[in-house]
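# Residue-level structural notes
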Amino acid sequence: MNILEMLYEKPPTVPRVQERKVHIGSPNTLLLGCKGAGKTALILDYLSTLNQGSYLYIDGDDLRLRGILGDLDIEAFYRQKELQLLVIDNYPNSLALPKGCNLLLSSYDLSLQVNGLETLHVDYLDFEEFIAFGRGSVSPEHVFNLFTNHGRHPGAVHLHDTPWLKYLQNQLRLSLGDANQFTLFRHIAKSQSKPLSLHRLYTQLKPRMKISKDTLYEAAALFERYGLVYFIPKWQAPKTPKKLFLRDFALKSAITFEKDFLKRFENIVLCELAKD
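Residues numbered from 1 in each chain as written. Predicted model: local features only at pLDDT ≥ 70, side-chain atom pairs only at ≥ 80, totals over all residues. Heavy atoms only, no water.

### Observations regarding empty space enclosed by the protein
This is how it is decided: Here a cavity denotes grid points, spaced 1 Å and computed from the protein atoms alone, that fit a 1.4 Å probe unable to get out, and a pocket denotes an open set having protein on both sides within 12 Å along at least 5 of 7 lines; residues with an atom within 4 Å of a point are the lining. Grid points are joined across faces, edges and corners, and a volume is the space filled by probe spheres set on the points. By definition, any uninterrupted DSSP run of H or I lasting at least four residues is a helix, any uninterrupted run of E lasting at least two residues is a strand, and each is numbered from the N terminus.
Under the definition given, this model contains 1 cavity of 30 Å³ or more. Looking at the largest cavity, its volume works out to about 30 Å³. Along the walls of the largest cavity sit Lys 35, Tyr 124, His 153, Leu 168, Gln 171, Leu 172, Ser 175, Leu 228 and Leu 251, which together make up its complete lining. The dominant element in the lining of the largest cavity, judged by the number of residues it contributes, is helix 6 (residues 161–176), at 4 residues.

### Things to note about the packing of aromatic side chains
Definition in use: Think of it this way: a Phe, Tyr or Trp ring, Trp meaning its six-membered ring, pairs with another when their centres are within 6.5 Å, and the plane angle makes it stacked under 30 degrees, edge-to-face over 60, tilted otherwise. To sort residues, take the accessible area from a 1.4 Å probe on protein chains only and compare it with the maximum for the residue type: under 20% means buried, over 50% means exposed, and anything in between is partly exposed.
Tallying each qualifying case throughout the model produces 8 aromatic pairs. An angle of 75° between the planes, with centres 5.8 Å apart, marks the rings of Tyr 8 and Phe 77 as edge-to-face. Of the two residues, Tyr 8 is situated in helix 1 (residues 3–9) and Phe 77 in helix 3 (residues 74–80); the sequence distance between them amounts to 69 residues. With respect to class, Tyr 8 is no different from Phe 77; both count as buried. On the basis of an interplanar angle of 75° and a centroid distance of 5.2 Å, the ring pair of Phe 147 and Phe 249 is categorised as edge-to-face. Taken as a pair, Phe 147 in helix 5 (residues 140–150) and Phe 249 in the loop between strand 8 (243–246) and helix 10 (251–255) lie far apart in primary sequence, 102 residues in all. Exposure class is identical for Phe 147 and Phe 249. Each is buried. Feature note: the residues Phe 127, Phe 130, Phe 144, Phe 147 and Phe 249 constitute an aromatic cluster, connected by ring pairs.

### Points about a nonpolar patch on the surface
In plain terms, the rule: Patch construction takes residues with relative accessible area above 30% that form no salt bridge. Like charges are linked within 9 Å, and nonpolar side chains (Val, Leu, Ile, Met, Phe, Trp, Tyr) are linked within 5 Å. Residue-level accessible areas treat just the shown protein chains as cover; the underlying method is Shrake-Rupley with a 1.4 Å probe. The rule for a salt bridge is simple: a side-chain nitrogen of Lys or Arg has to be within 4 Å of a carboxyl oxygen of Asp or Glu.
A cluster of nonpolar residues, Phe 144, Phe 261, Leu 262, Phe 265, Val 269 and Leu 273, forms a patch on the protein surface that exposes about 580 Å² of accessible area. Per-element accounting of the nonpolar patch gives the leading share, 5 residues, to helix 11 (residues 261–274). Summarising the element assignment, Phe 144 is placed in helix 5.

### Description of unusual backbone geometry
Positive phi values are uncommon outside glycine, yet Asn 90 reaches one of about 55°. A positive phi angle is found at Gln 236, which is not glycine, with a value near 55°. With respect to the helices and strands, the residue Gln 236 is situated in the loop between strand 7 (229–232) and strand 8. What makes Gln 236 exposed here is its relative accessible area of 68%.

### Quick notes on the packing of helix 7 (residues 179–189) against helix 8 (residues 198–205)
Just so we agree on the cut-off: Between N-to-C directions, angles span 0 to 180 degrees; the directions come from axes that are lines fitted to C-alpha atoms, helices contributing only their stretch in contact. Roughly parallel means an angle under 35 degrees; roughly antiparallel means over 145; roughly perpendicular covers 65 to 115; every other angle is labelled oblique. Note: crossing handedness is left-handed where the near helix turns anticlockwise from the far helix by less than a right angle, and right-handed where it turns clockwise. The contact definition used throughout considers only heavy atoms, calling two residues in contact when any of these lie within 4.5 Å. Side-chain classes are defined by residue name, with Ala, Val, Leu, Ile, Met, Phe, Trp, Tyr, Cys and Pro counting as nonpolar, Asp, Glu, Lys and Arg as charged, and the others, Gly among them, as polar.
Contact geometry of helix 7 with helix 8 gives a least axis separation of 12 Å together with a crossing angle of 120°. The angle between helix 7 and helix 8 falls in the class oblique. At the point where helix 7 passes helix 8, the crossing takes the right-handed sense. In this structure, helix 7 contributes Leu 184, His 187 and Ile 188 to the contact, and helix 8 contributes Leu 198, Leu 201 and Leu 205. Class assignment of the residues belonging to the contact of helix 7 with helix 8 gives a composition of 5 nonpolar, 1 polar and no charged.

### What to know about the nonpolar core
How we decide: Among buried residues, those of type Ala, Val, Leu, Ile, Met, Phe, Trp, Tyr and Cys that are joined through side-chain atoms within 4.5 Å constitute a nonpolar core.
Counting 45 residues, the largest nonpolar core has Leu 172, Phe 185, Ile 188, Leu 216, Phe 223, Leu 228 and Val 229 as the members making the most contacts within it. The residues touching Leu 216, leaving out its near neighbours within four places in the chain, are Leu 184, Ile 188, Leu 198, Leu 201, Tyr 202 and Ile 211. One finds Leu 83, Ile 88, Leu 105 and Leu 117 within the second-largest nonpolar core, a separate group that totals 24 residues.

### Quick notes on the layout of surface pockets
Taken as a whole, the largest pocket encloses approximately 980 Å³ of empty space. Along its surface, the largest pocket is lined by 46 residues, and Lys 35, Asp 59, Asp 61, Asn 90 and Tyr 108 are the ones closest to its centre. Broken down by element, the residue count for the lining of the largest pocket peaks at 4 residues, all from helix 2 (residues 39–47). In terms of residue class, the lining of the largest pocket is made up of 20 nonpolar, 14 polar and 12 charged.

### Concerning helix 6
Convention followed: A helix is expected to reach a length of 1.5 Å times the quantity of its residues less one.
Compared with an ideal rise of 1.5 Å per residue, which puts 16 residues at 22 Å, helix 6 spans 23 Å between its outermost C-alpha atoms and is within 8% of the ideal. Three or more residues of helix 6 are buried, namely Trp 164, Tyr 167, Leu 168, Gln 169, Gln 171, Leu 172, Ser 175 and Leu 176. Turning to helix 6, the residues buried within the fold contact helix 5, helix 7, helix 9 (213–225) and helix 10. Of the residues trailing helix 6, Gly 177 is marked for its positive phi of about 70°.

Keep in mind these values describe shape, not function.
Below, the structure written as structure tokens:
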């Protein structure tokens, strides 16, 4: 049995998917969102409405496919099985897409565009969704405290403090994949809800670590492209440093010991405003 046949015969399933505000309405859709935002759950929920033999699901992050995914003749397999849908979750940008296939793709590169596909943005949970994901019958005050402390990751809603910390740290490692990027992100995250001058940060970091200005600027652009941060310009002051916000406001607490509830609350408000 070849690799594509194995993937076709045993697609992943999900026992239950919590209702979200976004839905996949049709094939030929590109889901964009941070790692851990819930794209895979939405895809599997959509696939549960289809006949199992009508689609092929491929996970671009599947370690078994690393280095060989581009060698697989996906287009021929699609036609041989007379499939109706090809799903590539965590789509690697370098992979050439087969022609003549209905596609459902997901990516954490928010800059990605694919001709012919409708883009659907999948963010972390907002407060209303967090309530719906909640831990049973608890008071509104307790739910709000959980939200402000644990953040917006769907996978972290039901975790207690220690596993929550490990979960967020692992999500960051998966998103960044490089120790130097992780270190730079931690330094950038310390400026949560504050104006951030990358030039000033570079001068602060240069005596302590081997880094170039280009490396720092490229890393900051990558963090924004992967949906980890917002850089918000000051009103009518384009030359002043932009304010740094985290897409999940709890991330700073997961990677530093610094606490500033007012700055975190400002970030919470920004996240709720950004959804509109």
